[in-house]
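Residue-level listing of the chains:
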Amino acid sequence: MKTEASFPLAQASGALPHSLTASVGSEWIVDAYGCEPRVLQDLKVIAQICEDAVAYLGLQVLGQPQQHAFPGHGGVTAMYMLSESHLACHTYPEHRLATFNLYCCRDRPGWNWQKQLEDRLGSTEVLVRRVERGNLVTQRMAQRGQE
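Residues numbered from 1 in each chain as written. Predicted model: local features only at pLDDT ≥ 70, side-chain atom pairs only at ≥ 80, totals over all residues. Heavy atoms only, no water.

Caption draft 1: Structural view of the nonpolar core. Counting residues in each nonpolar core, the largest one holds 29 residues, and the members touching the most others are Phe 100, Leu 102, Trp 113, Leu 117 and Leu 121. Broken down by secondary-structure element, the contributors of at least two residues to this core are β1 (26-33), α1 (37-40), α2 (43-56), β3 (76-82), β4 (85-92), β5 (97-104) and α3 (113-121). At six residues, α2 tops the list of elements feeding residues into this core. (Core = buried A, V, L, I, M, F, W, Y, C linked by side-chain atoms within 4.5 Å. Buried < 20%, exposed > 50% of the residue type's maximum accessible area, 1.4 Å probe, protein only. Helix = DSSP H or I, 4+ residues; strand = E, 2+ residues; numbered from the N terminus.)

Take a look at the structure:
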C-alpha cells in the first residue's frame, strides 16, 4: 500500500493538487450469497432487478441493455450503459452468487440492495461496498480508518 509520502504529486505543503481531489462518482460493488440457483438462471428476474434499480435512482439507459443467458445450468449476464456510467450483473447458480456493479458519475442516494436481493433472489447474505471514485483524499481517509 502506498503511503501519503509515496505519492509524487503531493505538494510539500501537504495539500493535494486539485486533480487528485475531484470526485467523479460512486461505485457500488454488490455480492449476493446463498441465492436460489433457479432464480439466478432467470434473465427476466435479473433484468427486472436492474431496471428497478435504474428507475429508483433516476438513471438513464442508453440504447438497449445487453443480456445473455448461458446454456444449461449457467447463469446470466446483464449490462446497461447509462448516461451516468454503467450497471452490470453476473450470476453464478453453481455458487449461489449474484454480483452487481453500478457506477454513477453523479451523486445518487443508495438503493436498498440487501432487501431487494434477499426478497428477489432469496439471498442469505448481501455484501454492499460503496467506493468513492477519483477522490484521493476520501480514499486515503477510508484507508486510514481500516488500519
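Okay, back to it.
Caption draft 2: Looking closely at the sheet that holds β4. Strand order in the open sheet formed by six strands is β2-β3-β4-β5-β1-β6, and the pairing between neighbours is antiparallel. Lying at the two open borders of the sheet, with one neighbouring strand each, are β2 (66-69) and β6 (125-132). The mean inter-strand angle of the sheet, taken between neighbouring strand axes irrespective of direction, is 5°. Where β2 and β3 come together, four bridges link them in antiparallel fashion. Across the sheet, Gln 67 pairs through a bridge with Ala 78, a residue of β3. Packing against the sheet, α2 makes contact with β2, β3, β4 and β5, and its axis sits at approximately 25° to β3. (Pairing = 2+ DSSP bridges. Axes fitted to C-alpha atoms, helices over the stretch in contact; angles between N-to-C directions. Contact = heavy atoms within 4.5 Å.)

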